[in-house]
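Coordinate analysis (summary)
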Amino acid sequence: MHYSFTSEQAQFRDVIRRFLGAQSPTVAVRQTMGSARGWEPALWQRLNDDLGLAGIHVPEALGGSGFGHQELGIACEELGRALACVPYLSSAVLATQALRHGATPDEQAALLPRLASGRATATLAWMEGPHWSGCEDIALGARRDGDTWRLDGCKRYVVDGITADHVVVVARDDGRDDDASIGLYLVDGEASGLRRRALASIDETRRLAELDFDGVTAQRLGHPGSGAAALARTLDDAAVALAHELAGAAQALLEASVEYARLRMQFGRPIGSFQAIKHKCANLLLELELAKAAVYFAAAAREAGDADSAALASQAKAQASEAALACAREAIQIHGGIGFTWDQDTHLWFKRATCAAVLLGDAAWHRERFLALTEVAA
Amino acid sequence: MSDIDERAVRAEVRAWLEAHWDPQRDLVAWRGMLADSGWGVPHWPRAWFGRDLPVALCGAIEAEFEAVGAVGVARIGIRMLAAATLLEHGTDAHKARFLRRILTGEDTWCQLFSEPGSGSDLAGATTRADFDGAQWTVNGQKLWTTSAHHAEWGLLLARTDWDVPKHQGLSYFVIDMTQPGVTVQPVKQMNGYASFNQVFFDDARVPPENLVGAVGAGWQVAMTTLAHERRNADALRRWGEASTRAGRIYDEERAEIANVMAPYTWYPQRTGRVDLALKRARETGRLADPALRQELARLLMLSRSSEWLAQRARTAREAGRPEGPEGSLGKLAASHVARQAAAVHTAISGADAMLAGADGPLDGLIAEILLSVPATSIAGGTDEIQLNIIAERVLGLPREPRLDGGPFRDVPRNPER
């Protein structure tokens, strides 16, 4: 297997980078993160009208461009680099992949074209408590009510949960505790009995919400018993996508640090000429390049449907999380006092890295999962 | 050159091998035939034992050799660094005198660059060569010289001018290692092996015709040698394995390889032997320890992503693209892998990690790993030098102000031993 990029892929990256450079500079990011909604509908629409980003990996028959995990990864990496405030991870990755893996063809045809065009947004609600060990953590119950289902319970850490037009909810058939009782349910964002409360997040560029379900009407998706497997595949896809985003954020942090170290003069010379600083930067580059190798390899493995792609997803998320955290920590250190100020942009990426490193499982969690999967394979 | 047909070349070498290859031949005689026919080093110039073929075709030609079990020219050791340097900077007389015996394996070479006082700062060499109008006289000491104890020739970097900046005062020589003024002593390492030597020069002689390149141009010539060193490390892995076939010529080749490879027996251990970690953790029952599991996962991830990084460098090199920063990054990554592996092996072994030899885990192998790993972050350029290279050449950070720019005579340096 290889993970080098074709010239078309390199071009695709270039187009997104230029677009975001012009449309989502940090001034705009700061403006959007202070807004009530937290993301910018105009930017979202242009991303989709001009570049087709939300549907990049969705089959053409469902309104997308029919590309794969590597193109999805490139999009995520560039969005992370620019820190663009758009509901990409929630709608284009989590909800879209959940529907791809867990919904019937008819259900997909009914919803995916609108998500792929960006006309509607959706999200996935799976977490309830602060830790995630698997489907056994899901308590939110689904009960049949004539032709539909009703949901009762609470979901937390729902990405863009306040603004999503649709919510894919992971729930359990009442009174059962096996994985076969796990299902995906589609809920309208404005459904009655659904109470949505914004959670104050460290990272203001990506909003989190708590959703309370009190007898909310829901449509059950997919075939009975398929929910747990669909969720597992979705979370792995999302881990690889988020790992790309972290790599992009880390790259932005490292470049800003190097640029600053080149210009900042102390003791009559640029601080970047001191080995204490240059070795720091070189070590960050090494950690980032190693993480990127894992991230790109993981995307290629998912595209190829390799047997070890779940282990690779965990490896990618673990390494990208740690690389981004290291770059964030050291970027502030290299910038010195100015790096701790609100006006300097470093903290925006620091906050993104801090939250994205935790979302979908932190590095230690993924290391354990990686080893468990590797152990079985070896 | 690019339109040379691989099939035609394969047919030609196959026919030549059919006509000439015989495992009962004498090794040196056979390699002489290879040198004279150009099939031993087909990518070398036609004038000097090659066939002017593109490097890209060498793999196909080697495959034809392998198909009939034909032995190739002598390739392992420093000899190919010497050959590459002489091809680029040597006179025709040098090429005529040395190249053929390099290929036949009759001559062994060593590299005399590092000194006790100049390790990372190679250009600070103080071994001196003085010209009296008839010949050069060499005095000083070199260190870390692999194979010096059985080398016929050495590639010597020596100071010939003390009044110019240090890079400009060096010259490059081929020195006869068998003369009385040259003394070779093994250096015992912390892991018990003695893979390297120190070499003392006491009024050793070099005739003027053994100067390579101009007087004062030694640094540039040495750069050529070093540029080939990484590729040579690849070749060591590739050519360092002896054939198991029966026949006189194979016996001779096996003996040669055993001799050249002897200093490297502990080299696998200095990488940390990641391959043993998971298996041993399971066998010792330590795999249930959550703390160990975290460290083991870190190790396996690091090792795998380093491999992928190296793959990217190889792909770039094979496609003829510049290698990029991956070379220095890969070297640095290897240090991290080795250190993490040593930590994991220690954690798996518990108190047994204190024991060596027959009392130690895996009959002393774990102890050998723990005592060999420190070489990884030093040999071939320390981690700190790699970090400087990455920071300056890849990230574009400014160079450190230097204090060694003036005449070398005035540059502060280590006391003479």
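Helix and strand counts for chain A stand at 11 helices and 9 strands. When its C-alpha atoms are laid out on the principal axes, chain A stretches across 80 × 50 × 40 Å. Residue burial in chain A is summarised as follows: out of 378 residues, 55% are buried. At a minimum sequence separation of 6, the contacts of chain A that also span at least 24 residues come to 75%.

This next bit is on the overall build of chain B. Helix and strand content of chain B: 13 helices and 8 strands. Relative to its length of 417 residues, chain B is compact, with a C-alpha radius of gyration of 23 Å against a globular reference of 22 Å. With the C-alpha coordinates aligned to their principal axes, the bounding extent of chain B is approximately 70 × 65 × 45 Å. Across the 417 residues that make up chain B, the buried fraction comes to 38%. Summarising the internal contacts of chain B: among those between residues at least 6 apart in sequence, 70% fall at separations of at least 24.

Residues and elements named next belong to chain B. Among the structural elements, R339 can be located in helix α11 (residues 326-349). Here R339 falls in the partly exposed class, since 18 other C-beta atoms lie within 10 Å of it. Measuring from C-alpha to C-alpha, the distance between R339 and R304 comes to 15 Å, with 35 residues separating the pair along the chain.

Below, the discussion takes up the interface of chain B and chain A. Contacts between the two partners involve 30 residues from chain B, matched on the other side by 32 residues from chain A. Broken down by secondary-structure element, the contributors of at least two residues to the side of chain B that touches chain A are α10 (290-318), α11 and α13 (383-394) of chain B. With 14 residues, α10 of chain B is the largest single contributor of residues to the side of chain B that touches chain A. Residue composition of the side of chain B that touches chain A, by class: 19 nonpolar, 6 polar and 5 charged.

Once that is clear, we can look at the nonpolar core. Of all hydrophobic cores here, the largest spans 165 residues; its most connected members are V168, Y185, L246, A298, A324 and C327 of chain A. A total of 20 residues in this core trace back to one element, the largest contributor, which is helix α7 (residues 227-263) of chain A. Ranked by size, the runner-up nonpolar core spans 55 residues in total, among them L34, L155, L211 and I249 of chain B.

Residues and elements named next belong to chain A. The contact between helix α8 (residues 275-304) and helix α9 (residues 309-335) brings their axes to 8 Å, and the two run at 155°. As far as their axial angle goes, α9 and α8 are roughly antiparallel. In this structure, α8 meets α9 at a crossing whose hand is left-handed. The residue inventory of the contact of α8 with α9, partitioned by class, reads 18 nonpolar, 3 polar and 4 charged.

Summarising the model, chain B shows a mean pLDDT of 91, and 94% of its residues fall at 70 or more. With pTM at 0.90, the complex prediction returns an ipTM value of 0.95.

A few words on the domain arrangement of chain B. Residues and elements named next belong to chain B. Each assigned domain of chain B is listed with its residue range as follows: domain 1 (1-73), domain 2 (92-97 + 103-235) and domain 3 (266-381). One C-alpha centre belongs to domain 1, the other to domain 2; they are set 31 Å apart. Tallied by class, the residues present in the side of domain 1 that touches domain 2 amount to 8 nonpolar, 2 polar and 1 charged.

Right, let's get into helix α1 (residues 7-23) of chain A. Residue and element names in this part refer to chain A. The first and last C-alpha atoms of α1 sit 24 Å apart over 17 residues, in line with the 24 Å expected at 1.5 Å per residue. Here α1 has its buried residues at F12, I16 and L20. For α1, the angular spread of the buried residues around the axis is 60°, confining them to a single face. Projecting away from the buried face of α1 at angles above 90 degrees are the exposed residues S7, A10, Q11, D14, R18, G21 and A22. Looking at the buried residues of α1, the elements they touch are α3 (41-51) and α4 (69-82).

A word on the domain arrangement of chain A. Residue and element names in this part refer to chain A. If you check the domain split of chain A, you get domain 1 (7-120), domain 2 (123-226) and domain 3 (229-377). The centre of domain 1, based on its C-alpha atoms, is set 23 Å off from the matching centre of domain 2. Taken residue by residue, the interface counts 19 residues in domain 1 and 17 residues in domain 2. Among the elements of the structure, α2 (26-33) and α5 (88-102) are those that each provide at least two residues to the side of domain 1 that touches domain 2. Here the side of domain 1 that touches domain 2 takes 8 residues from α5, the largest share from any one element. Of the residues contributing to the side of domain 1 that touches domain 2, the split by class is 12 nonpolar, 5 polar and 2 charged.

Once that is clear, we can look at the pairing of strand β5 (residues 170-176) of chain B. Residues and elements named next belong to chain B. Across the 7 residues that make up β5, a large majority, 6, are buried. Of the strand pairs in this sheet, strand β4 (residues 153-159) and β5 are connected by 7 bridges, and their pairing is antiparallel. In the strand pairing of β5, A158 is matched with S171. Bridge count for β5 against strand β8 (residues 211-212) is 2 bridges, and the pairing is antiparallel. Residue pairing in the sheet places Y172 in a bridge with V212 of β8.

Glancing now at the pairing of strand β2 (residues 128-131) of chain B. All names here are of chain B. Where β2 and strand β3 (residues 136-143) come together, 4 bridges link them in antiparallel fashion. In the sheet register, D130 faces β3, and the bridge partner there is T137. Hairpin remark: β2 followed by β3, antiparallel, with 4 residues in the connecting loop; positive phi at G133, about 100°.

Residues and elements named next belong to chain A. Taken N-terminus to C-terminus, the directions of α4 and α8 make an angle of 145°; their axes are 8 Å apart at the nearest point. Judged by residue contacts, H69, Q70 and G73 of α4 engage A299, A300, R302 and E303 from α8. Here the residues of the contact of α4 with α8 sort into 2 nonpolar, 3 polar and 2 charged.

Attention now goes to α8 of chain A. Three or four residues apart is the spacing at which side chains of an α-helix point the same way, because the helix has 3.6 residues per turn. For α8 of chain A, spanning 30 residues, the distance from its first C-alpha to its last is 43 Å, which sits close to the expected 44 Å at 1.5 Å a residue. Among the 30 residues in α8 of chain A, 24 count as buried, and that is most of the element.

Quick notes on the rules
- Residues numbered from 1 in each chain as written.
- Chains lettered and ligands numbered in written order.
- Predicted model: local features only at pLDDT ≥ 70, side-chain atom pairs only at ≥ 80, totals over all residues.
- Helix = DSSP H or I, 4+ residues; strand = E, 2+ residues; numbered from the N terminus.
- Buried ≥ 20, exposed ≤ 12 C-beta atoms within 10 Å, placed from the backbone.
- Contact = placed C-beta atoms within 7 Å.
- Rg over C-alpha atoms; globule rule 2.2 N^0.38 Å.
- Nonpolar A, V, L, I, M, F, W, Y, C, P; charged D, E, K, R; others polar.
- Core = buried A, V, L, I, M, F, W, Y, C linked by C-beta atoms within 7 Å.
- Axes fitted to C-alpha atoms, helices over the stretch in contact; angles between N-to-C directions.
- Parallel < 35°, antiparallel > 145°, perpendicular 65-115°, else oblique.
- Left-handed = near helix turned anticlockwise from the far one by under 90°.
- pLDDT = per-residue confidence, 0-100.
- Domains from an automatic or database assignment.
- Expected span 1.5 Å × (residues − 1).
- Arc of directions from axis to C-beta.
- Pairing = 2+ DSSP bridges.

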